[in-house]
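# Understanding the architecture of this molecule
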Amino acid sequence: MDLSGIVGYVGNRSSQEILIHGLKNLEYRGYDSAGIAVSNEKTIEVRREKGQIQDLEASLQLDPILKGNLGIGHTRWASHGTPSVTNSHPLSDTNGKYFVVHNGIIENYRELRKGLVADGVDFQTDTDTEVIPHLLAKYDTGNFLDTVRQVLPLLKGSFALAIMCSTNPNTIIAISQENPLIVGFGLKEGFLASDISALLPYTKEIYPIKNNEIAMITSERITIETLDGEPIHPKKVLIEWDQEEIDLHEYDYFMLKEIMEQPKTIKKTLEGKIKNSHVRIAELEPLLNQYEFHHFEKIDIVGNGTSYHSGMVGKKVMEQLFRIPVEVHISSEFSNEHGHLSNRNLVIVLSQSGETADSLSALKEAKRNDCVTIAITNKKRSNIARIADYMLLTNAGPELAVAATKAYTSQITSLILLTIFLSQHSDKTNAYDYTELLDALVQLPDVVEQTLIMTQDAIDSFAQVTNDQDHLFLIGRGLDYVLALEGALKLQEVAYLHADAYAAGEVKHGTMALITPGVPVIALATQAHLRGKLVSNIRELKTREAFVVGVTTVGDDAVGEVVDQVLYIPEAHPYLMPIVAAIPLQLLAYYAGTVRGYNVDRPRNLAKSLTVE
Ligand code: AGP
């Protein structure tokens, strides 16, 4: 079972460079170990290394393998079988005829392995993947495609596969079962990748392989068939993103580039949505043509990690404007346990990648219970976008750093647009004048720009709060509390700080026992109507000599009087403050991580778009 990035190439260029370049652009999907297999039409050579792509590259420079125009590659996030050269892909059968790279999980691999061991197969790894090349060897019909067709029905689970065969040195076979894999069309060459960022330098013409489809890639053509051999005419689609969107430019890390991009990405999320004091979301018009809003008795929002945190902001805003209950769920909990669900539930699935397995399962569970589903995602060709009844794109552009930043602010912007859209199309909501909120949304990109400038100047002194600290607390009330959760997650992810977030009023009910002199606390005070109460909570912490840094809006001086250090940010509409105040928290995590010398784009033990549950 692995999370990973898969690449493949066949054509007239040397495949090694293209594979390595592609793997580098997919490294956010896993960076424990990597490997490539290259064929020169006579023989196939494999090189695998533990560590990042640069380690594989270094090993190839030191001890080159054959040059060939066909190859497959893999970068791995180990979830089954420790990160090691042995467990890294490509994996092959005993005679070295079939070579396989795999993303996902073979749920029934134990039974398959038992059968193969009984046949005398000597397994080399503890991965689930290794059953595949051995099964191909066992059911070898002499015809590459037929052999693959024999084996596929034996495999249970979600998987993306790329396969090479020594007796078919000019063909790659690729399969995608609930796991993303894309083919790219070139002139006398064919490409394969888990995500478009690996294809962008070479082609903009792609086709996402669908479930129950097999792709055969040669330098002449790419053919797609169903598992039962029905030919499919692939409808090519053009990638909207440009190469420059996935280049680092002057930045050291994608995380900082993506933080700094937010004025632009929020503008993209808002693009064409606000007209004459109304929110228009064309892709959701059919929803309201089919259902009156008052058809729904409850809204359920599901997501994981940062997406779950965006959902918590959405819930807080929606429940103040709608007269129906709004609940937010962690996807991995929702897909196994949930209250009554029916067609009266509107389920909103939040996922930047659109491939997170936990959220995909939650979506399927909602559909199994006849709920009406909306996917809010950044990837329009993802599984979650494809399976949901309706989709709202965040349009934040490619996010390559593992830690989500612009995904968070574009998701909240989308949720607020959705809230106004549903409310303006319905009478079953609180009478609310949206003018102020709509004006604030239009000004939001500029306010975020201002915040970046104001915070960057102050960040060095702000980042001191984390120096020589292993523990840190964040507190807030209302929307500041749910923002604090996201701030804590960022510090955990990229600075490996044990950061915890609490509702400010809750600290005195237990956590206060952990407050000792000098312990750092970040107090978020952007909600003016809750600031008085928050100041009393800060006083409680100061009596225990905590070191408190306050984040508040320009013009407020109440917080400045009670904290050790204060960071001012521009004021915006209370509902939008989780977006504005996210900026200093993202930058804090970035600096706290880089000051400690960490690779903030590739945090240890993490990966982006977790395609296994
Ligand atoms: C956030 O920084 C992490 N990368 C992670 O928590 C992420 O938000 C989560 O895995 C959900 O991903 P998704 O939005 O792509 O579904």
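## So, the sheet that holds strand β18 (residues 298-303)
With respect to topology, five strands assemble into an open sheet ordered β19-β18-β20-β21-β22, the strand pairing being parallel. Across the chains shown, the open sheet's two edge strands, defined by having one partner strand only, are β19 (326-330) and β22 (390-393). Taking each pair of neighbouring strands and ignoring which way they run, the sheet shows an average axis angle of 20°. Relative to strand β21 (residues 372-377), strand β20 (residues 345-351) is paired through six bridges, and the arrangement is parallel. Pairing of isoleucine 348 across the sheet is with isoleucine 374, part of β21. Along the sheet face, helix α9 (residues 305-321) touches β18, β19 and β20 and points at about 170° away from the line of β19. Here helix α11 (residues 357-368) sits on the sheet in contact with β18, β20 and β21, set at roughly 165° to β20.

## Things to note about the site of the ligand
The full set close to the ligand counts 14 residues, and Ser307, Ser351, Gln352, Ser353 and Thr356 are the nearest of them. In the environment of the ligand, an oxygen atom lies 3.1 Å from a nitrogen or oxygen atom belonging to the backbone of threonine 306. Taking alanine 404, its main chain carries an N or O atom lying 2.7 Å from an oxygen atom of the ligand. For the ligand, whose unbound accessible area comes to 410 Å², protein coverage reaches 90%. Looking at the shell around the ligand, the elements that each hand over two or more residues are α9 and α15 (479-495). For the shell around the ligand, the leading source of residues is α9, giving three residues. Looking at the shell around the ligand, its residues break down into four nonpolar, eight polar and two charged.

Rules used in this analysis
- Residues numbered from 1 in each chain as written.
- Predicted model: local features only at pLDDT ≥ 70, side-chain atom pairs only at ≥ 80, totals over all residues.
- Heavy atoms only, no water.
- Pairing = 2+ DSSP bridges.
- Helix = DSSP H or I, 4+ residues; strand = E, 2+ residues; numbered from the N terminus.
- Axes fitted to C-alpha atoms, helices over the stretch in contact; angles between N-to-C directions.
- Contact = heavy atoms within 4.5 Å.
- Near = heavy atom within 4 Å.
- Polar contact = N/O pair within 3.5 Å; in protein donor to acceptor, adjacent residues only side chain to side chain.
- Areas by Shrake-Rupley, 256 points an atom, 1.4 Å probe, with all protein chains shown as cover.
- Nonpolar A, V, L, I, M, F, W, Y, C, P; charged D, E, K, R; others polar.

These figures come from the coordinates and say nothing about function on their own.
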